[in-house]
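Spelled out from the first residue to the last, the chains are:
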Amino acid sequence: MVMMLALAEAITFANCARCKAKYVLSPEDLGERGSRVRCQICGNEWFQAPSKLNTLKDNFYLAPYPEERRKQFEPQAPKAPRPNGVNIFVANLPFQASESDVDSLFGAVVSEPVVNIVRDPVGRSRGYGFVNVEDGDAAQKAIDALNGSDFKGRRIVVKHSNDSSLESSSRRRRPPPPPTGKSKESPLEGARR
Ligand SMILES: [Zn+2]
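All values reported here derive from a predicted model rather than from experimental measurement.

Conventions we followed
- Counting starts from 1 at the beginning of each chain's written sequence and moves along it residue by residue.
- For this predicted model, a pLDDT threshold of at least 70 governs which residues receive local features, and a threshold of 80 or more governs which side-chain atom pairs are given and counted, while totals over whole chains, interfaces and linings are taken from all residues.
- Here a strand is any run of E in DSSP of at least two residues, a helix any run of H or I of at least four, and the numbering for each starts at the N terminus.
- Three exposure classes are used, based on other C-beta atoms lying within 10 Å of a residue's own C-beta, which is placed from the backbone: buried for 20 or more, exposed for 12 or fewer, and partly exposed in between.
- Note on contacts: each residue gets a C-beta atom placed from the backbone, and two residues are in contact if those atoms are within 7 Å.
- A residue's pLDDT is the confidence the predictor assigns to it, expressed on a 0 to 100 scale.
- Think of it this way: DSSP has to see at least two bridges between two strands before they count as a pair.
- Angles run from 0 to 180 degrees between N-to-C directions of axes, and those axes are lines fitted to C-alpha atoms, restricted for helices to the stretch in contact.

What about the overall build of the protein?
Stage number 1. Helix and strand counts for the protein stand at six helices and 13 strands.
Stage number 2. Per-residue burial for the protein yields a buried fraction of 24% across its 193 residues.
Stage number 3. A separation threshold of at least 6 residues defines the contact pool for the protein, and within that pool the share at least 24 residues apart is 68%.

Concerning the confidence of the model for the protein
Stage number 1. For the protein, mean pLDDT is 83; residues scoring 70 or higher make up 80% of the total.
Stage number 2. This model gives residues 164-171 a pLDDT under 50, and the stretch forms one contact once residues within four places in sequence are excluded.

Describing the environment of Lys-159
Stage number 1. The topology assignment puts Lys-159 in strand β12 (residues 157-160).
Stage number 2. When the C-alpha positions of Lys-159 and Ala-91 are compared, they lie 8.7 Å apart, and in sequence the two are 68 residues distant.
Stage number 3. Look past the residues within four positions of Lys-159 in its chain and what remains in contact with it is Phe-89, Ile-143 and Asn-147.

Quick word on the pairing of strand β7 (residues 86-91)
Stage number 1. Sheet topology note: the β7/strand β9 (residues 125-133) ladder contains six bridges and is antiparallel. Each residue of the ladder has a partner; that of Val-86, found in β9, is Val-133.
Stage number 2. As judged from the four bridges shared by β7 and β12, these two strands associate in the antiparallel manner. Within the sheet, the bridge partner assigned to Val-90 lies in β12 and is Val-158.

Some thoughts on the environment of Cys-19
Stage number 1. Its place among the elements puts Cys-19 in the loop between β1 (12-15) and β2 (22-24).
Stage number 2. Judged by the 20 C-beta atoms lying within 10 Å of it, Cys-19 is buried.
Stage number 3. For Cys-19, the residues in contact, after removing those within four places along its chain, are Cys-39, Ile-41, Cys-42, Asn-44 and Phe-73.

Concerning the sheet that holds β7
The strands that make up a sheet are held in pairs by hydrogen bonds between backbone atoms, and each pair lies either parallel or antiparallel.
Stage number 1. Sheet architecture is open: four strands sit in the order β8-β9-β7-β12, paired in antiparallel fashion. For this open sheet the edge positions go to β8 (114-119) and β12, each flanked by a neighbour on one side alone. This sheet shows a mean twist of 25° between the axes of neighbouring strands, independent of strand direction.
Stage number 2. With five bridges joining them, β8 and β9 adopt antiparallel strand pairing. Bridge assignment links Asn-116 to a residue of β9, and that residue is Phe-130.
Stage number 3. The sheet strands contacting helix α4 (residues 99-107) are β7, β8 and β9, and the helix crosses β8 at an angle near 140°.

Here it is in structure tokens:
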């Protein structure tokens, strides 16, 4: 595959902002107005305009996406069902805080929090999210302990989540096709010669 790419005149590709996977795409693949695409590695979705495709620089080539990096972005194994699991809403999070940062914060107070930070199509945190905890008692415990507390310099808001609309609206959309439309093609990464 790499050889075939080397024969192309100008190699253009889409770049996943979250996991950095690259997908060889020509402007014609996207249509005049562009298309919504979805990364096969991390599930990130974004709108790709043909004019915003990247062009492969001299001395760079596209190599198969490394297996060990792929593992980092694998969807997490489904957690054990939580019949009484309760969602807590968390806001005013620092934008650079990751799921695992928030996980540590809540993990100090309740057992096995499941953290979901809401992100924009290029994977940037929107500064709020949801933490699923075991039951109502655990939720109350986390709220009492963490609401209004300082987290990396910001006073976070931690409260009961009554709003399931955010989750259902993101679930409602059907995922768009993978960037290439040739789904057999593997994601790639940029490498220097
Ligand atoms: Zn990705």
